[in-house]
Amino acid sequence: GDVSYSQNLRHSIIAVINQILKFAAENYECPEMRLENRFVHNKGKKIEIINHTEQASLIRYLYREMDASKAGILLCIFIGLRLGEVCSLKWDDIDFEQMIIHVRRTVQRIAADENSNRTALLITEPKSTFSIREIPISAGIAQVLNEIKRDGEYVVGGKAPLDPRTYQNRFKRYLRAASIKEYNFHALRHTFATNCIDNDMDVKSLSEILGHANIQITLNKYVHPTMDAKRRQLAVLDSVYGQFGGKCE
């Protein structure tokens, strides 16, 4: 019968196929090809946001006895990195002179053998070319990164990329230590995006920082005006229409 695959699995399959096609083009003179990802992420799932009180508690906790693992969580809530992106971030990806982080890869755990339960970490380019991006960082973030810089290729993992499952569990441990209810790791990215919208960042800039394929994804996911906001903006037209009416008298 028909087999139904989750969207995450479909994205992973497409990412692996594109890595194979890229390798073939670079090493075996095959024509350059890329499989287009036509699957849409947004299924109308409720976006989970860490509230302001909890954000303050979490950030205060992370700044106490700062280390590389805590700094990685800050990067997710301060610049919106995805789980796989922060786990595979290298020190070479950080340009301290230009104050820019280059997002070039992601890491995920996939089945190593279809006939067993074994899994392995796979490092690939991000799931879409739009996710390969440059993100400016503040002086505060640069200072934190400089303070925790140690030997090792990877920012969070050291000698190797950190297993995303390990980091998810570590994040939950931080939440418990900060007396915050449990959240999914992706709530950090949602919280970052929501904070940007609430502080009037233009949606095009946010879309590029998040690595979305187009601005419509950002709009659909994060820009949801309240009824009060709609009412206030429509009320502005009263004065305009009032002027028209006055001219007609």
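Here the structure is shown first, and the text comes after it.
Residues numbered from 1 in each chain as written. Predicted model: local features only at pLDDT ≥ 70, side-chain atom pairs only at ≥ 80, totals over all residues. Heavy atoms only, no water.

Caption draft 1: Summary view of the overall build of the protein chain. In terms of regular secondary structure, the protein chain is built from 10 helices and five strands. Within the protein chain, the fraction of its 249 residues that count as buried is 38%. Taken as a whole, the protein chain presents about 15500 Å² of accessible surface, with 51% of it coming from carbon and sulfur. (Helix = DSSP H or I, 4+ residues; strand = E, 2+ residues; numbered from the N terminus. Buried < 20%, exposed > 50% of the residue type's maximum accessible area, 1.4 Å probe, protein only. Areas by Shrake-Rupley, 256 points an atom, 1.4 Å probe, with all protein chains shown as cover.)

Caption draft 2: Just a nonpolar patch on the surface, in detail. A cluster of nonpolar residues, Leu234, Leu237, Tyr241 and Phe244, forms a patch on the protein surface that exposes about 430 Å² of accessible area. Secondary-structure assignment places Phe244 in helix α10 (residues 227-248). (Patch = residues over 30% accessible without salt bridge, like charges linked within 9 Å, V, L, I, M, F, W, Y side chains within 5 Å. Salt bridge = Lys/Arg side-chain N within 4 Å of Asp/Glu carboxyl O.)

Caption draft 3: Representation of the pattern of salt bridges in the model. Throughout the structure, instances matching the rule amount to eight salt bridges. Measuring nitrogen to oxygen at the nearest pair gives 2.9 Å for the salt bridge that ties Asp93 to Arg104. Separated by 11 residues along the polypeptide, Asp93 in the loop between α4 (83-87) and β1 (94-95) and Arg104 in the loop between β2 (100-103) and β3 (106-111) bring together distant segments of the chain. Take Arg104: its relative accessible area is 36%, and that puts it in the partly exposed class.

Caption draft 4: Broad picture of the sheet that holds β1. Taken together, the three strands give an open sheet; going across it, the order is β1-β2-β5, and neighbouring strands pair in antiparallel fashion. Every other strand in the sheet has two partners, leaving β1 and β5 (133-136) as the edge strands with one partner each. In terms of strand pairing, β1 meets β2 through two bridges, oriented antiparallel. Note that in β2 the partner of Ile94 across the bridge is Ile101. (Pairing = 2+ DSSP bridges.)

Caption draft 5: Expanded view of the side chain of Arg105. If you trace the backbone, Arg105 turns up in the loop between β2 and β3. One polar contact links the side chain of Arg105 to the main-chain carbonyl oxygen of Ser88, over a distance of 3.1 Å. Among the polar contacts made by the side chain of Arg105, one reaches the side chain of Asp93 at a distance of 2.5 Å. Arg105 has contacts with Gly84, Glu85, Ser88, Leu89, Lys90, Asp93, Ile123, Thr124, Glu125 and Pro126, leaving out every residue within four places of it along the chain. (Polar contact = N/O pair within 3.5 Å; in protein donor to acceptor, adjacent residues only side chain to side chain. Contact = heavy atoms within 4.5 Å.)

Caption draft 6: Up close: the environment of Ile180. Among the secondary structure elements, Ile180 is positioned in the loop between α6 (164-177) and α7 (187-198). With relative accessibility at 8%, the residue Ile180 sits in the buried group. Taking the C-alpha atoms as reference, Ile180 lies 9.3 Å from Ile50; in sequence the two are 130 residues apart.

Caption draft 7: Seen up close, the nonpolar core. Ranked by internal contacts, the top residues of the largest apolar core, which has 49 residues, are Leu81, Ile101, Leu145, Tyr167, Phe185 and Leu188. At eight residues, helix α3 (residues 68-79) tops the list of elements feeding residues into this core. If we skip the residues at most four places from it in the chain, Phe185 touches Ile73, Cys76, Leu83, Val86, Tyr167, Gln168 and Phe171. (Core = buried A, V, L, I, M, F, W, Y, C linked by side-chain atoms within 4.5 Å.)

Caption draft 8: Looking closely at the packing of aromatic side chains. All told, the structure shown has four aromatic pairs when counted by the stated rule. Their ring planes at 45° and their centres at 5.5 Å tell us that Tyr167 and Phe185 sit as a pair that is tilted. Placement of the pair is Tyr167 in helix α6 and Phe185 in the loop between α6 and α7, with a sequence separation of 18 residues. Tyr167 gets classed as buried once you look at its relative accessible area, which sits at 0%. Aromatic side chains Phe171 and Phe185 sit 5.3 Å apart centroid to centroid with 70° between the ring planes, which places their arrangement in the edge-to-face category. One end of the pair, Phe171, is in helix α6; the other, Phe185, is in the loop between α6 and α7, and 14 residues separate them in sequence. Judged on exposure class, the residue Phe171 and its partner Phe185 are both buried. Pairwise contacts between aromatic rings join Tyr167, Phe171 and Phe185 into one cluster. (Phe/Tyr/Trp six-rings, centres within 6.5 Å; stacked < 30°, edge-to-face > 60°.)

Caption draft 9: Representation of helix α2 (residues 52-63) within the structure. Compared with the 16 Å implied by 1.5 Å per residue over 12 residues, the 17 Å span of α2 between its first and last C-alpha is a close match. Of all the residues in α2, the buried ones are Glu54, Gln55, Leu58, Tyr61 and Leu62. Within α2, the buried residues cover an arc of 135° as seen down the axis, which keeps them to one side. Exposed side chains of α2 directed beyond 90 degrees from the buried face belong to His52, Thr53 and Arg60. Where the residues of α2 are buried, they touch α3, α6 and α7. (Expected span 1.5 Å × (residues − 1). Arc of directions from axis to C-beta.)

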